[in-house]
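Next come the chains, spelled out residue by residue.
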Amino acid sequence: MAKSKTAYVCNQCGAEYSKWQGQCESCGAWNTLSEFVVEAAAAKNGAVKRTGYAGAAEAKIVALTEVAAEAETRVRIGMVELDRVLGGGLVEGSVVLVGGDPGIGKSTLLLQTLGALGARLRTLYVSGEESLAQIAARAQRLGLPLAPLRCLAETCIERVIEHAQKDKPRALVIDSIQTIWTETLTAAPGSVSQVRESAARLVRYAKETGTSIFLVGHVTKEGGIAGPRVLEHMVDAVLYFEGESGSRFRVLRAFKNRFGAVNELGVFAMGDKGLREVPNPSAIFLSAHSAPTPGSAVMVTREGTRPLLVEVQALVDQSSLGNPRRVALGLEQNRLAMLLAVLHRHGGIAVYDQDVFVNVVGGIRVQETAADLPVLLAVLSSFRDRPLPDKLVAFGEVGLSGEIRPVPNGEERLREAATHGFLKAIVPKANAPKKNKIGEMEIVAVERLSEALDAVAG
Ligand code: TYD
Ligand code: MG
């Protein structure tokens, strides 16, 4: 039996040290080291071996031609949106981290996932947060088949694994990883070292036994799951469950996926019977204005494999601060600052004495640069207090020299907008079809920011 030994890891960058020290030499952060367990290696030189599944057997060098590539075995869960985000179903032996704000619906999603797997796969739901009675009540309300749903209320990782080894579930949910702790560490449950060590044990268990594991992780105030990046590196896939508190729509996004595409979106609606899938979400992120309002622009984004119509809102207001505010919700803050500089330099519109707030409706996050042009149009519209033309959509990347660059899948985006009754589209020239019309929709092809601004000036 190998003796356990502790080492220290930086919560910020993941660098490891054998002794505690105040500052991390690798990233320079202070007071970020916390304790974790390493297994003393049997090797005579006394080198420490990390507790990783890869180190279990003695390793030797082989050419890849000699390695039989394993095709991953997948199980379709039966929830189309979740299957798609996972890259086509749940991969055997994979560890999937599901992160999100408290109350967003992670426990509901995973209970429904196990319900959908039903009797096809032996499953186990380990809860450290809710009592078995609470889970049973929820499952009943969700109308799930109760017989195949098997639960365990336990937080000690050693005992969880003991139960799993006896019970042999093929899919395991740990809700949540922050409540799980190991006897080998003295740190409090929920601390980075406990979370990291417990997750490492579960990852090893998943790889050794081929069990698929879902880990629920609460997002901290800073937006990371229990110490930035610590868990993300260990697992095969990271899914974030997002949504606006007031809205019933929830978006599941693959942030990392070793078995599929990232940025794939799954859309759900939360109702009194739990989460319902939204198979055709393209227009749900538009707010229903009866008349065009200043500061609102509609874009066609293509996060994942589907086009989505999304509304961007801007509020530009005289600032009383020496350093006016730039707030971007659902978009990147630095990108907004850059776009405002381009608007000034190449559009001749100065907002340096104005507070600028930009928000993507529906609580979804838009990461692609196709949002650049609609963001600037929304800002301009708010600044001038004049609505954009009715039934207008726009997309396009804005370059630093004021050029409008094309984005992928332009024609597909345009067709989606036309289907939803939009009448005018301002798009990069290279994205525009030869005919400047799709159905009823007129297409304005632009190459420079100034042309786009002229197109909405009328
Ligand atoms: P939950 O899955 O407990 O969130 P998390 O595990 O991410 O903390 O979801 C809790 C919220 O979802 C709660 O505010 C109530 C709401 N909810 C519904 O609206 N309908 C339902 O059928 C269920 C089960 C939950
Ligand atoms: Mg929960």
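Presented here is an overview of the structure given in this document. On a predicted model such as this, the values are computed, not experimentally measured, just so you know. (Residues numbered from 1 in each chain as written. Chains lettered and ligands numbered in written order. Predicted model: local features only at pLDDT ≥ 70, side-chain atom pairs only at ≥ 80, totals over all residues. Heavy atoms only, no water.)

Looking now at the overall build of the chain. A count of helical and extended segments in the chain gives 10 helices and 25 strands. Overall, the C-alpha framework of the chain stretches about 80 × 55 × 50 Å when taken along its three principal axes. Expressed as a percentage of the 458 residues in the chain, the buried residues total 51%. Counting every atom, the chain has about 21500 Å² of accessible surface; 52% of that belongs to carbon and sulfur. On the chain, the mean spot of the 52 positive side-chain charges and the mean spot of the 50 negative ones are 3 Å from each other. (Helix = DSSP H or I, 4+ residues; strand = E, 2+ residues; numbered from the N terminus. Buried < 20%, exposed > 50% of the residue type's maximum accessible area, 1.4 Å probe, protein only. Areas by Shrake-Rupley, 256 points an atom, 1.4 Å probe, with all protein chains shown as cover. Lys, Arg positive; Asp, Glu negative; His and termini not counted. Charge placed at Lys NZ, Arg CZ, Asp CG, Glu CD.)

What follows covers the sheet that holds strand β15 (residues 274-277). Across the sheet, which stays open at both edges, the nine strands sit in the order β9-β8-β10-β11-β7-β12-β13-β14-β15 with mixed pairing between neighbours. Two strands lie at the open edges of the sheet, namely β9 (151-153) and β15, each paired on one side alone. Pairwise comparison of adjacent strand axes, ignoring direction, gives a mean angle of 25° for this sheet. Sheet topology places strand β8 (residues 123-127) next to β9; three bridges connect them, and they run parallel. When the sheet's bridge partners are listed, Ser-127 is paired in β9 with Ala-153. (Pairing = 2+ DSSP bridges. Axes fitted to C-alpha atoms, helices over the stretch in contact; angles between N-to-C directions.)

Inspection of helix α4 (residues 157-167) places Ile-157, Glu-158, Val-160, Ile-161 and Ala-164 among the buried residues, and these make up the whole buried set. For α4, the arc enclosing every buried residue in end-on projection is 160°, short of the 170-degree limit, so these residues lie on one face. Those residues of α4 that are buried lie in contact with β8, β10 (171-175) and α5 (192-209). Lys-168 sits one or two positions beyond α4 and adopts a positive phi of about 50°. (Arc of directions from axis to C-beta. Contact = heavy atoms within 4.5 Å.)

Taken together, 16 residues surround ligand 1, and among them Gly-103, Lys-106, Ser-107, Thr-108 and Gly-271 come closest. Ile-104 is positioned such that a nitrogen or oxygen atom in its backbone is 3.4 Å from an oxygen atom of ligand 1. Gly-274 is positioned with one of its backbone polar atoms (N or O) 2.8 Å from an oxygen atom of ligand 1. Expressed as a share of its isolated accessible area of 560 Å², the protein-covered part of ligand 1 is 73%. (Near = heavy atom within 4 Å. Polar contact = N/O pair within 3.5 Å; in protein donor to acceptor, adjacent residues only side chain to side chain.)

Formed by 64 residues in total, the largest nonpolar core has its most connected members in Leu-331, Val-358, Leu-373, Val-375, Val-379 and Ile-426. A per-element tally of this core places helix α8 (residues 372-384) first, with seven residues. Residues lining this core come from more than one domain, with at least three contributed by each of domain 2 (73-279) and domain 3 (284-455). Ignoring sequence-local partners within four residues, the contact set of Val-379 consists of Ala-314, Val-316, Leu-340, Leu-343, Val-356 and Val-358. Core analysis: the second largest hydrophobic core is formed by 32 residues, Leu-90, Leu-111, Val-173 and Val-216 among them. (Core = buried A, V, L, I, M, F, W, Y, C linked by side-chain atoms within 4.5 Å. Domains from an automatic or database assignment.)

Take helix α7 (residues 333-347) next. Along its 15 residues, α7 runs 20 Å from first to last C-alpha, staying within 8% of the 21 Å computed at 1.5 Å per residue. Among the residues of α7, those classed as buried are Leu-336, Leu-339, Leu-340, Val-342 and Leu-343. The buried residues of α7 occupy one face: seen down the axis, they fall within an arc of 160°. Residues of α7 that are exposed and angled more than 90 degrees away from the buried face: Asn-334 and Arg-345. A positive backbone phi angle near 70° is found at Gly-348, which sits one or two residues after α7. (Expected span 1.5 Å × (residues − 1).)

With that settled, consider the packing of α7 against α8. Look at α7 against α8: their axes get within 10 Å of each other, and the N-to-C directions meet at 65°. Here α7 is positioned roughly perpendicular relative to α8, judged by the angle of their axes. Between α7 and α8 lies a crossing of right-handed hand. Contact residues: Arg-335, Leu-336, Leu-339, Leu-340 and Leu-343 in α7; Asp-372, Val-375, Leu-376 and Val-379 in α8. Tallied by class, residues from the contact of α7 with α8 come to seven nonpolar, no polar and two charged. (Parallel < 35°, antiparallel > 145°, perpendicular 65-115°, else oblique. Left-handed = near helix turned anticlockwise from the far one by under 90°. Nonpolar A, V, L, I, M, F, W, Y, C, P; charged D, E, K, R; others polar.)

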